[in-house]
Amino acid sequence: MIILTAAALGISAGQMRSAGVIALVAALIGMTFALAAITSPGPVSLLAFVYAVLGYNGGLMLFVIGLYANQRLRRATRVSH
């Protein structure tokens, strides 16, 4: 579930098309896990943080691949006669 949520955040941040937003969301993921580690009475899973980072980056990559595929499909349909 962490991977899917992070991937959705990556896709959503990519749709903003702003490097600032992409960096802000990445920083907020890190700050959230840091706050959870500070306030948690028990141990915090570092593996969950790694999954979140990988899911976020995967979501960004999926968005970029989708943009590329969309552009290629549009070019293919605009064949002039």
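Bear in mind that the values here come from a model prediction, so they are computed numbers and not experimental data.

### Side note on the packing of helix α1 (residues 2-16) against helix α3 (residues 46-77)
Here comes step 1: Packing of α1 against α3 brings their axes to within 7 Å, and their N-to-C directions diverge by 40°. Viewed along their axes, α1 and α3 adopt a mutual orientation that is oblique. Two packed elements cross with a definite hand, and for α1 against α3 that hand is right-handed. Counting all contacts with α1, which are made through I2, I3, A6, A7, L9, G10, I11, A13, G14 and Q15, the residues of α3 involved are A48, Y51, A52, G55, Y56, G59, L60 and F63.

### Examining the UniProt feature "transmembrane region" (unreviewed entry) in the chain
Here comes step 1: Mapped onto this structure's residue numbering, the UniProt feature "transmembrane region" (unreviewed entry) falls at residues 21-40 and 46-69.
Here comes step 2: Secondary structure within residues 21-40 divides into 95% helix and 0% strand; the distance between the first and last C-alpha atoms comes to 28 Å.
Here comes step 3: Its end C-alpha atoms 34 Å apart, residues 46-69 is made of 100% helix and 0% strand.

### Quick notes on the environment of G58
Here comes step 1: Relative to the elements of secondary structure, G58 occurs in helix α3.
Here comes step 2: Given the relative accessible area of 21%, G58 is considered partly exposed.
Here comes step 3: The sequence separation of G58 and I3 amounts to 55 residues, and the corresponding C-alpha distance is 8.8 Å.

### With respect to the packing of aromatic side chains
Here comes step 1: Summed over all chains, the structure comprises one aromatic pair.
Here comes step 2: Seen in terms of ring centroids, F33 and F49 are 5.3 Å apart; in terms of plane orientation they differ by 65°. Their pairing is edge-to-face. In this pair, F33 sits in helix α2 (residues 19-39) while F49 sits in helix α3, placing the two residues 16 residues apart along the sequence.
Here comes step 3: According to the relative accessible area criterion, F33 is partly exposed, its value standing at 22%.

Rules and cut-offs
Residues numbered from 1 in each chain as written. Predicted model: local features only at pLDDT ≥ 70, side-chain atom pairs only at ≥ 80, totals over all residues. Heavy atoms only, no water. Axes fitted to C-alpha atoms, helices over the stretch in contact; angles between N-to-C directions. Helix = DSSP H or I, 4+ residues; strand = E, 2+ residues; numbered from the N terminus. Parallel < 35°, antiparallel > 145°, perpendicular 65-115°, else oblique. Left-handed = near helix turned anticlockwise from the far one by under 90°. Contact = heavy atoms within 4.5 Å. UniProt positions renumbered as here; feature names shortened; annotations may be inferred. Buried < 20%, exposed > 50% of the residue type's maximum accessible area, 1.4 Å probe, protein only. Phe/Tyr/Trp six-rings, centres within 6.5 Å; stacked < 30°, edge-to-face > 60°.

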